[in-house]
Amino acid sequence: HKLPAVTIQAVRYHHDPKGAGPDNRITAAVQVADLFVRHARIGDSGNPAEITEEDWLGAEGWDSLFSAGSTERAIARANMERSLERLSTILEGLV
């Protein structure tokens, strides 16, 4: 294969970011993003399991990205939720 190691690591471990080792921030971000878009029902990941808001907000990847209870973590979550709320309006402007 000719994919970068970080890409392979993110794909392999995005369901278990801690399994990616100590430098797992990209893998953690992929996990959070995957659960976010699946919760929003954007696209088709091939996995029909329903993702609740609690699932994506409680993903272990958040722990690798931000300290528990940190202001940065709260801001990131709020920004993602606002983006989801605005998504239909954003997409309407594109078509």
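Here we come to the side chain of R38. Considering the arrangement of structural elements, one finds R38 in helix 2 (residues 25-40). The contacts of R38, once residues within four sequence positions are left out, are H15, S45, N47, A49 and I51.

Before going further, it helps to spend a moment on the nonpolar core. With 11 residues, the main nonpolar core is built from A28, V32, L35, F36, I51, W56, L57, A59, W62, L65 and A76. Those elements giving two or more residues to this core turn out to be helix 2, helix 3 (53-57) and helix 4 (61-65). Of the residues forming this core, the biggest block, four residues, is contributed by helix 2.

It is worth spelling out the packing of aromatic side chains at this point. This structure, assessed with the given rule, holds three aromatic pairs. Measuring from ring centre to ring centre gives 5.0 Å for F36 and W56, while their planes differ by 70°; the resulting arrangement is edge-to-face. Of the two residues, F36 is situated in helix 2 and W56 in helix 3; the sequence distance between them amounts to 20 residues. By the burial criterion, F36 is buried, and W56 matches it.

Applying the stated rule across the entire model yields two salt bridges. D34 is the partner of R38 in a salt bridge, and the nearest nitrogen-oxygen pair spans 3.7 Å. You can see R38 and its partner D34 sitting in helix 2, four residues apart, about one turn around the helix. Overall, D34 belongs to the buried group, its relative accessible area being 17%. When the shortest N-O distance is used, the salt bridge between R73 and D63 registers 2.9 Å. With R73 in helix 5 (residues 71-94) and D63 in helix 4, the pair connects residues that are 10 residues apart, well separated along the chain. Accessibility expressed as a relative area gives 10% for R73, which makes it buried.

Analysis parameters
- Residues numbered from 1 in each chain as written.
- Predicted model: local features only at pLDDT ≥ 70, side-chain atom pairs only at ≥ 80, totals over all residues.
- Heavy atoms only, no water.
- Helix = DSSP H or I, 4+ residues; strand = E, 2+ residues; numbered from the N terminus.
- Contact = heavy atoms within 4.5 Å.
- Core = buried A, V, L, I, M, F, W, Y, C linked by side-chain atoms within 4.5 Å.
- Buried < 20%, exposed > 50% of the residue type's maximum accessible area, 1.4 Å probe, protein only.
- Phe/Tyr/Trp six-rings, centres within 6.5 Å; stacked < 30°, edge-to-face > 60°.
- Salt bridge = Lys/Arg side-chain N within 4 Å of Asp/Glu carboxyl O.

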